[in-house]
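# Chains, contacts and geometry: an overview
If you want the building blocks of each chain, they are given just below.
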Protein chains: 2
Amino acid sequence: MPVLDVMVIGAGFAGLSAARALVDAGKDVAVVEARDRVGGRTLNVEVPGGIVEAGGQWVGPGQDRVLGLIAELGLSTYPTHDSGLHLAELGGRTTRYSGRIPKLNPVVLADIAQAQLRLDRAARRVPLEAPWAAPGAATLDAQTFATWLGRHVRTRSGRAFFQLVTEAVWCADPAELSALWAQFYIHSGGGLDSLINTTGGAQQDRVVGGTQGAAQALAAGLGDRVRLGTPVTELEWTAERVRAGDLEARRAIIALPPPAVARIGFSPALPADRAQLLQRMPMGWTIKVNVGYDEPFWRTEGMSGQANSDRRALGTVFDGGPPDGAPAVLVGFLEARHAQAAARMAPKERRDLVLADLTAYFGPRAAEPAFYFEQNWAEEEYTRGCYGAFATPATLTRFGPALRAPVGPLHWAGTETATRWAGYIDGAIESGRRAAEEVLR
Amino acid sequence: MPVLDVMVIGAGFAGLSAARALVDAGKDVAVVEARDRVGGRTLNVEVPGGIVEAGGQWVGPGQDRVLGLIAELGLSTYPTHDSGLHLAELGGRTTRYSGRIPKLNPVVLADIAQAQLRLDRAARRVPLEAPWAAPGAATLDAQTFATWLGRHVRTRSGRAFFQLVTEAVWCADPAELSALWAQFYIHSGGGLDSLINTTGGAQQDRVVGGTQGAAQALAAGLGDRVRLGTPVTELEWTAERVRAGDLEARRAIIALPPPAVARIGFSPALPADRAQLLQRMPMGWTIKVNVGYDEPFWRTEGMSGQANSDRRALGTVFDGGPPDGAPAVLVGFLEARHAQAAARMAPKERRDLVLADLTAYFGPRAAEPAFYFEQNWAEEEYTRGCYGAFATPATLTRFGPALRAPVGPLHWAGTETATRWAGYIDGAIESGRRAAEEVLR
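Since the model is a prediction, treat every value here as computed from it, not as a measurement. (Residues numbered from 1 in each chain as written. Chains lettered and ligands numbered in written order. Predicted model: local features only at pLDDT ≥ 70, side-chain atom pairs only at ≥ 80, totals over all residues. Heavy atoms only, no water.)

## Focus on the domain arrangement of chain A
All names here are of chain A. According to the domain assignment, chain A contains domain 1 (4–40 + 211–282 + 388–440), domain 2 (44–63 + 74–83 + 201–208 + 284–379) and domain 3 (102–196). On a C-alpha basis, the centres of domain 1 and domain 3 stand 29 Å from each other. On the domain 3 side, the residues contacting the 21 residues of domain 1 number 21 residues. Of the roughly 1,800 Å² buried at the junction of domain 1 and domain 3 (both faces included), carbon and sulfur atoms supply 63%. Summed over the three residues of domain 1 that lose the most area to domain 3, namely F390, L396 and T419, the buried surface amounts to 32% of that side. On the surface where domain 1 and domain 3 come into contact, there are zero salt bridges. Remark: the boundary between domain 1 and domain 3 carries nine residue pairs in polar contact (both at pLDDT 80 or more). (Domains from an automatic or database assignment. Contact = heavy atoms within 4.5 Å. Buried area = accessible area lost by both parts, 1.4 Å probe. Salt bridge = Lys/Arg side-chain N within 4 Å of Asp/Glu carboxyl O. Polar contact = N/O pair within 3.5 Å; in protein donor to acceptor, adjacent residues only side chain to side chain.)

As structure tokens, then:
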């Protein structure tokens, strides 16, 4: 085998974007992918009448890289269904509302607004290239996001709101995240509203044919440079060479989530800084459920299909169908503790739980689905959780500088290494292109 | 190859103790060990005039399992050198003192005493078998130990004291640990004094010939059942069988630190609960340095060889020699952030740093060592840190029940799974015996 210029490990958006940039620059590249498919944490699933998406499925304003890529590939987007009344259950109160703000007790609304203002203001002060250099970084990173929220949110319903938001955005408990990581991530995605909103936010648009289609199109352009079904479990490296299986290259770009990097046996071992960083970036956990119906009955009943609850397992629901409602889909998330509890159930019991919650939100027609598909990303051997990894307390300030620093010929990509939209497809693309630039320099 | 009863992975004290218990019960056992030696995080190193210990080196009262094992194996112990004056640098003040309590400002002493009282009292309320069931567990686990200390320690020097203690006990920053894990660990080791004291505590005694000798003796008793140089990177399992390399067994006991378990490719993948737990138990980090001299000059100068400092990299030092002082050794620890900073230095620069700190403690004769040996456990491919793993916030309450729960034919050992002396050799032995009992039942 000839020696390649670059071996890219992982054919998600990060790895494919890196490979594309390198090929455009005239480099010899191979992309090795453990699974028998490309797309990483995006996955189209065929269902009667179309597809649903078992992984990352939204794009939104400010995500210039993924929107640019979609345009470049000749793909198009459509708006997430966002009209009609939304449902919110918070602090024992159920409301139906339009627009962005649920009808809540004014004291609670003021509490939430003030905490969000503080959070966004603090987040803007976190430098995206170096969160560990934020003002007060040591103090912020020494506390959990739960501790930060406990100090800045005064009402019970306000706390329930931020618990729900944390579970929806990170698929983790506020007690797990570093407060500094939470603020970095919020800044990285353009503010809390930008992360949680549908129209105007990260859930605004969908890709026609599913987001995985963009990865498949990228891979198609790379041709037989992409090798599926090729897990890298051992990797040897020197200053000039990287070897994995029968491949040899001058450089490697490792485009995997942190716990998947930790699965590789590096020889020689990674420097302690990088090895210990990998021990301190766990993945969130969600079970994503797509439930199909004969028609989008909630739309005709004036509902948007969006629901949130601080007391139900299926805490977040969206209309998961295209504008014409074919297929008609409600897409829901069992997040963090709810994923964990639901994972212990028998499949039938879990399905009953999901349908009961959907019925509570949208009435008895929700109990009679045409199809039901669930995806537990934490049980995927090559992902181990989702949406992404987060940093536990003191990780950014102690180990953050090791996140992107190359180790000899090894370069690091993956959405967790991004500065903008870390944790999103857009961040994955940024990270792949940045790693490619490092290699080209 | 015949099908074994049990395959034990890892030949540290946990794995060897499990194998010994199983062999005693008449089972067919193999122990597979990645390294070309047994002993895990214990390691004897030959130096002029004897050995030093690069890993776990102390035993103390209350560690009944390891003390019993030592006696059983016909080994003996000697007391750690603990007479003479100790040195402490805290809050800008240097003191020489005998006994346990440094000469500090009475306000600081009262502050430390009160915080320690609260800590020990809270720790005693944490059930060792189920720390997640402690009173107030959710609140404790939602905060870092740094947050807990910030609320209970009032003086600057008091905070410096607990920072130093945390670095010495866990090789981590208080900001990294869950407050619940810290309290569990303190209870597990019989209280804070028990963890930090020399005489009367976990540093009281040494094993003649080094602690690794006990592992070697255990391994000798197991004969050719122990297979060195056999890393397990892939493990297939069903309800009835476990296969790794050319070995097949009815059960497996996996006796590795959590990040080493995460290195194994399980097929089928581990349940999400267990996989995510492994992502949330990072290792501490210390570089342990043994510095030898022609004679134990500090002893003749009336010093114990014990020193602690909140402003030096080598924050903790002990006399590392036997009673007769041959070899004469000072053993020091670059802990947590200090290990990290020192790891970035060139070897000569790091050695100069260590010798400068020893000279500051013990005078100019410390600058002229007869030998110098350092061990960076975080760069050991099959350990990845030390002394042990800890739980980040929310890990015990969310994932704790998965720590010891068997997964089909897979049983979990390793000191991190112990209830008494978790993180110590004693805990490793407990964990191995407990896993063996599970298999035998």
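## Side note on the packing of aromatic side chains
Counting across every chain of the model gives 34 aromatic pairs over all chains. With centroids separated by 5.0 Å and ring planes inclined at 80 degrees, the aromatic side chains of W421(A) and Y424(A) adopt a geometry described as edge-to-face. An angle of 45 degrees between the planes, with centres 6.3 Å apart, marks the rings of W181(B) and Y185(B) as tilted. Of this pair, W181(B) and Y185(B) both sit in helix α7 (residues 179–188), four residues apart, roughly one helical turn. Y185(B) carries the same exposure label as W181(B), and that label is buried. (Phe/Tyr/Trp six-rings, centres within 6.5 Å; stacked < 30°, edge-to-face > 60°. Helix = DSSP H or I, 4+ residues; strand = E, 2+ residues; numbered from the N terminus. Buried < 20%, exposed > 50% of the residue type's maximum accessible area, 1.4 Å probe, protein only.)

## As for the relation of the copies chain B and chain A
Mapping chain B onto chain A calls for a rotation angle of 180 degrees and an axial translation of 0.0 Å; the resulting RMSD is 0.0 Å. In the structure described here, the two chain copies are related by an operation that fits a two-fold rotation axis. No C-alpha of chain B lies nearer the rotation axis than that of R263(B), which sits 2.2 Å from it. Taken as a fraction of all interface residues of chain B, those also at the interface in chain A reach 100%, which identifies the copy contact as same-surface. (Least-squares fit on C-alpha atoms with pLDDT ≥ 70 in both.)

## Overview of the sheet that holds strand β6 (residues 85–90) of chain A
Each strand in a sheet pairs with another by means of backbone hydrogen bonds, the pair being arranged parallel or else antiparallel. All names here are of chain A. Overall, mixed pairing links the seven strands, which are arranged β7-β6-β15-β16-β17-β14-β18 in an open sheet. Single-partner strands in this sheet number two, and they are β7 (93–97) and β18 (371–376). The average angle at which neighbouring strand axes cross in this sheet is 15 degrees, direction not considered. Taken together, the two bridges between strand β15 (residues 303–309) and strand β16 (residues 314–319) define a ladder with antiparallel strand orientation. (Pairing = 2+ DSSP bridges. Axes fitted to C-alpha atoms, helices over the stretch in contact; angles between N-to-C directions.)

## A look at the UniProt feature "binding site: substrate" (unreviewed entry) in chain A
All names here are of chain A. In the numbering used here, UniProt assigns the feature "binding site: substrate" (unreviewed entry) to F333. Tracing the backbone through its elements, the reader meets F333 in strand β17 (residues 328–335). When its relative accessible area of 2% is taken as the criterion, F333 is described as buried. When near neighbours in sequence (up to four residues on either side) are disregarded, F333 contacts W58, T286, I287, K288, A313, L314, G315, T316, F318 and Y387. (UniProt positions renumbered as here; feature names shortened; annotations may be inferred.)

## What about the interface of chain B and chain A?
With 47 residues of chain B at the contact, the number on the chain A side is 47 residues. Here chain B meets chain A over a buried area of about 3,500 Å², counting both sides, of which 45% is carbon and sulfur. Run the count over chain B and chain A and you get six salt bridges. With a closest N to O distance of 2.5 Å, R398(A) and E176(B) form a salt bridge. Linking chain B with chain A are 24 residue pairs in polar contact (both at pLDDT 80 or more). Residue composition of the side of chain B that touches chain A, grouped by class: 22 nonpolar, 11 polar and 14 charged. (Nonpolar A, V, L, I, M, F, W, Y, C, P; charged D, E, K, R; others polar.)

## Structural notes on the UniProt feature "domain: Amine oxidase" (unreviewed entry) in chain A
Mapped onto this numbering, the UniProt entry gives "domain: Amine oxidase" (unreviewed entry) at residues 13–440 of chain A. With 36% helix and 21% strand, the stretch residues 13–440 of chain A has end C-alpha atoms that lie 19 Å from each other.

## What about helix α3 (residues 106–124) of chain B?
Residue and element names in this part refer to chain B. Compared with an ideal rise of 1.5 Å per residue, which puts 19 residues at 27 Å, α3 spans 27 Å between its outermost C-alpha atoms and is within 8% of the ideal. Every buried residue of α3 is listed here: V108, D111, I112, A115, Q116, L119, D120, A122 and A123. All buried residues of α3 project into a common sector of 160 degrees when viewed along the axis, lining one side. Away from the buried face of α3 by more than 90 degrees, exposed residues P106, V107 and R124 are located. Tucked inside the fold, the buried residues of α3 contact α5 (145–152), α6 (156–170), α7 and α8 (192–196). (Expected span 1.5 Å × (residues − 1). Arc of directions from axis to C-beta.)

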